[in-house]
Amino acid sequence: MHLLKEKDRPVVRVLLNAGCCPRCVLRFCCVGLQSTYRQSYKDLMKELTDFARVGECKKSNAETEEENDPPCKKIKLEETEDFIPESDKNGTVTNSTQECLTLQKDEPKTCVVCLGVLQHFCDKDFAKQMSRVVESANYQFSSLVVSVSLPAQLSVREHATWLLVKQEVGQQGFSSGKDDVIQVKEAYKWIIHPLISEELGVPVDGKSPFEVSVAFTHSETDGDCHFLASVCSNCFKPAKNKQSVFTRMAVIKALEKIKEEDFRKQFSCPPNSPETKCEVQDIQCLHSPLYVAGRYNKYSRTLPQTPWVIDGERKMESSVEELISEHLLAVSRAGGLNFSSSGREDVDVRTLGNGRPFAIELLNPHRATFTKEEIKNLQQTINKSSDKIKVRDLQIVTREAMVHMKEGEEGKTKCYNALIWTEKAIQTSDIEFINNIKEFKIDQKTPLRVLHRRPLAVRPRVIHTMRAEFLDEHHFRLYLKTQAGTYIKEFVHGDFGRTKPNLCNLMSTVTDILELDVESVDVDWPPAIED
Amino acid sequence: MATEDQQGAPSVVDRYYTRWYKTDLKSKPCEDHCVLQHSNRICIITLAESHPILQNGRQIKSINYQISANCSRLQNKVSGKSKRGGQFLTELAPLCRITCMDGEEYTVFSCIRGRLLEVNEDILTNPSLLQEKPSTEGYIAVVLPKFEESKSVTQGLLTQTEYEDILSKRRSTTPEPCS
């Protein structure tokens, strides 16, 4: 094998004797050429055993002479004995290599490190199996990436084998470190990616939004990790949503901490041979989310923004969120969604003007590519389906663009129009002073109506401008432009005097709010779409 | 008792709060309290209309939230969404003591179990608020019942109708109103 050097020979021998499959041997020899791993199992096995055998015939002769020679000769012999794997104490080197070769010819024994992952699950047949699952899942995709999840005990076996290799070549100064060893996952992907790419007819792309994940399990060796808990107990804390305490991360952490002597006491190097090979737990498809943004108007005073459900009981029919996302969910065939908006309004408040910016994250969509025309049609469908809401500027956006959403909540101004009732009788002249009020500062304690779910605090806010329109003795319309986060209703009725100063103070009478409309949300995102 | 403003439409209190009453607190005649319970379970403790302090001619000298040597309701501090740190109150926990010009002293009680969120500091600087607007700006305190007790917290209290019954009974049995 041209990629392996003389210094690799002892490593190859040790690993083959230990029960490693050829691809794992290549990994520990730090072979980084991807195409090597793609060669057939048989070819690789033959090449490696041939490589291992070179120089063995001489050694077997030296060994048989050993018992009869006087001690002074032993020093020279011991030098050659360095090439004999430590684990082999009974037979000669040639014999055990022969053993390995014979075994692998009939039916490969399960590799002690990768537990079969790099032996049985990276051939064309398996790629075909994966493709069938992907095709039946019916996703729209133009590229893909494969991800693998391996049982935690593989890290333990990898560590044990690494210690074995380190020991074997320790005296010669192994130039590569543990980080140079190729990871099982990496090697697996090198092999499977081209195979599955060919089956499905799409390229592989590390940044692909479409991921096919393969999860392996090996129940026979699940207990391999358990000894780590007694040595490094603080690595293994039970977490709420995890079935086993022996997660991959926890095991890796413990392996970093544990001392070599302690490890070797509890776990054999090389690892023992398993009876069974890994099983495929499942093959799953996952598409990264699709983000759709726009602005919505709300014309109903009996429509909540998000579904209103208490103790499983629906308190109010439908919602802005559901009316908009219903069609998006259907056409993207997504599994779920997250709705967010730049602030929100109460059930009984209308949103007029250009509307309020919103964004919907569609989770695991089966279809994520749409033309501008299709989006336009979607917008029309939504608008035709209900007179309670209207959507504009509907468009696909990136995850980064979602940041603009919350910008609007904090930093921007909003304009409102409120219908005010006054206890005392008023005239036009009584409300004129309101038009001249600029940058009016108020302090709002957390309104009582939200105090059950918000911390108690005082919020300073500014009402930038106001305008009053007389209606009759006890009514007038109030237009306000305020800082984001101002509670308008509380400014009008005072909230038991907890918003100070309030409209009652300004008007020197009890005032109440009968109707409220949002006139504009002054955020210039998402960008307007020409009709 | 006017439950609606002249506008003919329900007021803020009518729209969002249910009125509950406790009468003759600690067997003191007519020392009636009114608890305004919001639909979100938060309760505002106020004096009921029939309370002696709210009758004509009374003048408040001072209001004191220091109810014992170690406890002042003014020191109450809550933090975070779950309102940690708020003093826990039982039904007969005193909230404040009100002294009138004529020397009469009255104690206002919590009436319900729950965490004290805030007391009204405006009435310290402006005691007349308590008499002019007992159901709104003149409130005494805001209390948050435990979530599990949200419904049961008003079990020991009277409804509006029951309260009005008691008032009419008082008027018919005693020749003079409570003073």
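Residues numbered from 1 in each chain as written. Chains lettered and ligands numbered in written order. Predicted model: local features only at pLDDT ≥ 70, side-chain atom pairs only at ≥ 80, totals over all residues. Heavy atoms only, no water.

**With respect to the overall build of chain A**
Line of reasoning, step 1. A tally of helices and strands in chain A yields 20 helices and 15 strands.
Line of reasoning, step 2. Each of the 531 residues in chain A was classed as buried or not, and the buried ones make up 49%.
Line of reasoning, step 3. Long-range contacts, defined here as pairs at least 24 residues apart, represent 78% of the contacts in chain A between residues at least 6 apart.
Line of reasoning, step 4. Put simply, chain A shows about 26300 Å² of open surface, and 49% of that area lies on carbon and sulfur atoms. (Helix = DSSP H or I, 4+ residues; strand = E, 2+ residues; numbered from the N terminus. Buried < 20%, exposed > 50% of the residue type's maximum accessible area, 1.4 Å probe, protein only. Contact = heavy atoms within 4.5 Å. Areas by Shrake-Rupley, 256 points an atom, 1.4 Å probe, with all protein chains shown as cover.)

**Points about unusual backbone geometry**
Line of reasoning, step 1. Omega for the bond connecting Cys269 of chain A with Pro270 of chain A falls within 30 degrees of zero, at 5 degrees, which places this linkage in the cis form.
Line of reasoning, step 2. Secondary-structure assignment places Pro270 of chain A in the loop between helix H14 (260-266) and strand E3 (279-287).
Line of reasoning, step 3. A cis amide bond, omega 0 degrees, links Trp525 of chain A with the succeeding residue Pro526 of chain A.
Line of reasoning, step 4. Examined against the element boundaries, Pro526 of chain A turns out to sit in the segment after strand E15 (511-521).
Line of reasoning, step 5. Non-glycine residue Ser508 of chain A carries a positive phi angle of around 55 degrees.
Line of reasoning, step 6. Within the secondary structure layout, Ser508 of chain A lies in the loop between helix H20 (503-507) and E15.
Line of reasoning, step 7. Here Cys30 of chain B, not a glycine, exhibits a phi torsion of approximately 70 degrees, which is positive.
Line of reasoning, step 8. Relative to the assigned elements, Cys30 of chain B resides in the loop between strand E1 (17-22) and strand E2 (33-38).
Line of reasoning, step 9. By relative accessible area, Cys30 of chain B is classed as buried at 2%.

**Considering the sheet that holds strand E1 (residues 145-149) of chain A**
All names here are of chain A.
Line of reasoning, step 1. Read across the open sheet, the three strands follow the order E1-E2-E3; overall the sheet is mixed. Every interior strand has two partners, whereas the edge strands, E1 and E3, have only one. Along the sheet, successive strands turn relative to each other by an average axial angle of 20 degrees, direction set aside.
Line of reasoning, step 2. Both strand E2 (residues 210-217) and E3 contribute to a ladder of eight bridges, which runs antiparallel. Its bridge partner being in E3, Glu211 is matched across the sheet by Leu286.
Line of reasoning, step 3. In the packing of helix H9 (residues 124-137) onto the sheet, the strands contacted are E1, E2 and E3, and the crossing angle to E3 comes to about 45 degrees.
Line of reasoning, step 4. Here helix H11 (residues 184-200) sits on the sheet and contacts E1 and E2; the angle it forms with E1, its principal contact strand, is near 140 degrees. (Pairing = 2+ DSSP bridges. Axes fitted to C-alpha atoms, helices over the stretch in contact; angles between N-to-C directions.)

**A few points about the interface of chain B and chain A**
Line of reasoning, step 1. Taken together, the contact between chain B and chain A spans 29 residues of the former and 22 residues of the latter.
Line of reasoning, step 2. The junction of chain B with chain A conceals about 2000 Å² of combined surface from both sides, 57% of it contributed by carbon and sulfur atoms.
Line of reasoning, step 3. For Lys500 of chain A, the salt bridge goes to Asp122 of chain B, with nearest N and O atoms at 2.7 Å.
Line of reasoning, step 4. In this structure, the connection of chain B to chain A is made through eight residue pairs in polar contact (both at pLDDT 80 or more).
Line of reasoning, step 5. Residue assignment for the side of chain B that touches chain A shows that the elements contributing at least two residues are helix H1 (12-16), E2 and strand E8 (114-119) of chain B.
Line of reasoning, step 6. Sort the elements by how many residues they give to the side of chain B that touches chain A and H1 of chain B lands first, with four residues.
Line of reasoning, step 7. Each residue belonging to the side of chain B that touches chain A can be placed in one class, and the counts come to twelve nonpolar, eight polar and nine charged. (Buried area = accessible area lost by both parts, 1.4 Å probe. Salt bridge = Lys/Arg side-chain N within 4 Å of Asp/Glu carboxyl O. Polar contact = N/O pair within 3.5 Å; in protein donor to acceptor, adjacent residues only side chain to side chain. Nonpolar A, V, L, I, M, F, W, Y, C, P; charged D, E, K, R; others polar.)

**Notes on the packing of aromatic side chains**
All names here are of chain A.
Line of reasoning, step 1. As enumerated under the stated definition, the model contains 15 aromatic pairs over all chains in all.
Line of reasoning, step 2. Judged by centre distance (5.1 Å) and plane angle (45 degrees), the rings of Tyr139 and Phe210 are tilted. Pair noted here: Tyr139 is in the loop between H9 and E1 and Phe210 is in strand E2, with a separation of 71 residues, a long-range link. In this structure, Tyr139 and Phe210 share a single accessibility class: buried.
Line of reasoning, step 3. Three or more aromatic residues joined by ring pairs make a cluster, and in this case those are Phe121, Phe126, Tyr188 and Phe216.
Line of reasoning, step 4. Here Arg467 stacks its cationic end above the ring of Tyr479, 4.1 Å away from the centre of that ring. (Phe/Tyr/Trp six-rings, centres within 6.5 Å; stacked < 30°, edge-to-face > 60°. Lys NZ or Arg CZ within 6 Å of the ring centre and 35° of its normal.)

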